[in-house]
Amino acid sequence: MDKEKNYILRKIPRVDDLLKEEGIRKLCAVYGKKEVLQAVREELDCLRKRILAEAEEGGIGKANSRMKEDAVCEKLLSAERITEQTACRLEENSALSLRKVFNATGIILHTNLGRAPLGKSQMAAVLDAMSGYSNLEYNLSEGRRGKRWEHYTGLISRITGSEGAIAVNNNAAAVTLILSTLARGKEVIVSRGELIEIGGRFRVPEVMEQSGAILRETGCTNRTRISDYERAITENTGALLKVHTSNYRILGFTEEVSVEELSSLGRKYHLPVIVDLGSGVLVNLEKFGLSHEPTVQEVLKKGADMVCFSGDKLLGGPQAGIIAGKQSYIKAMENHPLMRAFRLDKCTIAALAATFREYLNEEKACENIPVLKMLSRSEEELEAQAREVAWDLSSRNKEDEITVEKSISMLGGGSMPLEEIPSRAVVIKPKRESAEEFVHRLAALPVPIIAHIKNNRVILDMRTISEEELNDFKSYLAGACENRTHPGRC
Ligand SMILES: *Cc1c(COP(=O)(O)O)cnc(C)c1O
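These notes cover the structure that comes with them. Starting from 1, residues in each chain are numbered consecutively following that chain's sequence as written. Residue-level local features of this predicted model are given only where pLDDT is at least 70; pairs of side-chain atoms are given and counted only at 80 or more, and the full residue set underlies all totals for whole chains, interfaces and linings. The side-chain quantities take in all heavy atoms of the structure and omit both hydrogens and water.

Description of the side chain of Thr-176
Logical step 1: Put simply, DSSP marks the helices as runs of H or I at least four residues long and the strands as runs of E at least two long, and each gets a number from the N terminus on. With respect to the secondary-structure elements, Thr-176 resides in helix α9 (residues 171-183).
Logical step 2: Accessible area is worked out with a 1.4 Å probe on protein chains only. A residue is then buried under 20% of its type maximum, exposed over 50%, and partly exposed in between. Using a relative accessible area of 14% as the deciding quantity, one classes Thr-176 as buried.
Logical step 3: Of the polar contacts made by the side chain of Thr-176, one reaches the backbone oxygen of Ala-172; its length is 2.8 Å.
Logical step 4: The residues touching Thr-176, leaving out its near neighbours within four places in the chain, are Val-207, Ser-211, Leu-338 and Phe-342. Polar contacts, as used here, are pairs of N or O atoms within 3.5 Å; protein pairs need one atom able to donate a hydrogen and one able to accept it. Residues neighboring in sequence count only if both atoms are side-chain atoms. Any two residues whose heavy atoms approach within 4.5 Å at even a single point are treated as in contact.

What to know about the sheet that holds strand β8 (residues 214-218)
Logical step 1: Strand order across the open sheet formed by seven strands is β4-β12-β11-β10-β9-β5-β8, with mixed pairing between neighbours. Each of the sheet's edge strands pairs with one partner strand only, and the pair in question is β4 (164-168) and β8. The average angle at which neighbouring strand axes cross in this sheet is 25°, direction not considered.
Logical step 2: By the convention used here, strands pair only if DSSP detects at least 2 bridges between them. Pairing analysis gives five bridges linking strand β10 (residues 273-279) to strand β11 (residues 306-310), with the strands arranged parallel. Among the inter-strand pairings, Val-275 is bridged to a residue of β11, identified as Val-307.
Logical step 3: In the packing of helix α8 (residues 153-160) onto the sheet, the strands contacted are β4 and β12 (321-325), and the crossing angle to β4 comes to about 120°. Every angle, taken between N-to-C directions, lies between 0 and 180 degrees, and every axis is a line fitted to C-alpha atoms, over only the stretch in contact when it is a helix.

Regarding helix α12 (residues 259-269)
Logical step 1: Every buried residue belonging to α12 is among Val-259, Leu-262, Ser-263, Leu-265 and Gly-266, and all of these are buried. One side of α12 holds all its buried residues, which, seen down the axis, span an arc of 160°. Facing away from the buried side of α12, by more than 90 degrees, are the exposed residues Arg-267 and Lys-268.
Logical step 2: Those residues of α12 hidden inside the fold are in contact with α11 (226-232), β9 (237-243), β10 and α13 (296-301). The arc refers to the directions leading from the helix axis to the C-beta atoms.

Things to note about the side chain of Asp-461
Logical step 1: Mapped onto the fold, Asp-461 is located in strand β17 (residues 457-461).
Logical step 2: Counted as positive: Lys and Arg. Counted as negative: Asp and Glu. His and the chain ends are not counted at all. Salt bridge, as used here, is a side-chain nitrogen of Lys or Arg placed within 4 Å of a carboxyl oxygen of Asp or Glu. In this structure Asp-461 is buried but unpaired, with Arg-463 as the nearest side chain of opposite charge at 5.4 Å.
Logical step 3: Polar side-chain contacts of Asp-461 include one of 2.9 Å to the side chain of Ser-407.
Logical step 4: Dropping the residues within four chain positions of it, Asp-461 is found in contact with Ala-104, Thr-105, Gly-106, Ser-407, Ile-408, Ser-409, Ser-423, Arg-424 and Ala-425.

Brief notes about the site of the ligand
Logical step 1: Any residue with a heavy atom positioned within 4 Å of a molecule or strand is treated as near that molecule or strand. The immediate surroundings of the ligand are formed by 13 residues, with Asn-171, Ser-246, Asp-276, Ser-310 and Lys-313 found nearest.
Logical step 2: Between an oxygen atom of the ligand and a main-chain N or O atom of Asn-171, the distance comes to 2.9 Å.
Logical step 3: Side-chain polar atom of Lys-313 to an oxygen atom of the ligand: 2.8 Å apart, as the coordinates give it.
Logical step 4: Surface exposure here means Shrake-Rupley accessible area, sampled with a 1.4 Å probe, where a residue is shielded only by the protein chains that are shown. Protein chains bury 93% of the 380 Å² of accessible surface belonging to the ligand in isolation.
Logical step 5: Elements that contribute at least two residues to the shell around the ligand include exactly α9 and β10.
Logical step 6: Three classes are used: nonpolar for Ala, Val, Leu, Ile, Met, Phe, Trp, Tyr, Cys and Pro, charged for Asp, Glu, Lys and Arg, and polar for all others, with Gly counted as polar. For the shell around the ligand, the residue count by class is four nonpolar, six polar and three charged.

So, the packing of helix α3 (residues 22-31) against helix α4 (residues 33-57)
Logical step 1: Between α3 and α4, the least distance of the axes is 7 Å, while the angle of their chain directions is 130°. By the criterion of interaxial angle, the relationship of α3 to α4 is oblique. Along its contact with α3, which presents Ile-24, Leu-27, Cys-28 and Tyr-31, the element α4 presents Lys-33, Glu-35, Val-36 and Val-40.
Logical step 2: A breakdown of the residues in the contact of α3 with α4 according to their chemical character gives six nonpolar, no polar and two charged. What sets the label is the angle itself: under 35 degrees gives roughly parallel, over 145 gives roughly antiparallel, 65 to 115 gives roughly perpendicular, and the rest give oblique.

Concerning the environment of Glu-399
Logical step 1: As for its position among the elements, Glu-399 is in the loop between α19 (379-396) and β13 (401-409).
Logical step 2: The class for Glu-399 is partly exposed, based on a relative accessible area of 29%.
Logical step 3: Considering only alpha carbons, one finds Glu-399 and Pro-430, 31 residues apart in sequence, at a separation of 7.7 Å.
Logical step 4: Looking at Glu-399, its side chain comes within polar contact range of the side chain of Arg-432, at 2.9 Å.

Remember that the coordinates give geometry; whether it matters functionally is a separate question.
In structure tokens form, the structure reads like this:
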């Protein structure tokens, strides 16, 4: 038996010989010799194991087995095949882990899928800022050193109506910076109904502790009145904080204090009033058929001194935390040591400024910012897109059950969790495999498709598949249906 095994193993080509092959030499020019050598060794290792396993299964050493063994070897051990497999291996090894996916979940701000995608004008600004030098901290008109935030603060103030603005890495950093600047070592009064966890370990009490402020809870989970805040004020109070509970609702016997009431209390006691809005809404969402969300402009108009919100939630921009409000507080934050750690890089600054620029014209914003565009797509439009995908797929795939059905899109990212947005989906019930297996294969595509399963069927929601990516989406989807029998590599 060992003799038979050796007979087979001797047929495996030697590494040195393979390296002389034309195809392998070409791979060396692309990937470098070291990487290619490693990949060839891995491939041969795999082949060795596979051949022995197959030979054993086929009854190694039995009469006539040599012929079978020769056939197996011939199939697997040609230099062409090894070169091909090595090329695949190298391509896989060098693929970047972070890459584009199709979001067919219908969840617009899917945190696991990168929240807000950027549009053309936003991307163009990023490319421009990062592909060469830029005037990031250089004032061109005065020929002197400038401030990096000068590229976006004016725009934010113009659009939100604030005195001043500054932006940091994300909204969690924004809350930390505000509290650390205004209330370090002092008490910050918050309603017990607003001590929320956002996810990703953002918990209001813990963020407060990190910033050096002392949490002073007031009121009850379901009801907090303005008198509760007033009673909690002491000499050591540093600020009044209101957190917009964007990711959950308390229903029934409830009462919360309005921004107006809190602001007049703050003025009476000379205390800054801070509002953590979470999602940064700048337009009235009712025009998309959603319920009203307080906009940044409204909150400032109602008297808040400081409001902070995310760049990559409903605003539809890059990951950032934006702070808008009183100029004196903004100045204090600009000079805070944490600002150096939290400040934005040039790509984010470019994307953020380009995002706010779109809001100068609300109609343009709804057209050019993908998050708003997805929100504004009509059911008729989604129905037509779903039919197009379903028709295309049915024409190439007679096997599975493919239908177009009503579905529900969500905002996601912890924003407005009760809001259901009517949408359309292509629904696939695979015949020869389970829905799980199919979804798994969709996720393994060169550009993965991320989809939900419901009642053993795969739901592909159309709201989050844009017109621009539709053709690619269709061909990858068809590929997944056609490649059912594609053998896996060893
Ligand atoms: C999402 C959210 C945050 C955290 O914002 P990130 O930009 O994700 O850091 C903080 N507060 C509220 C109320 C939020 O909704």
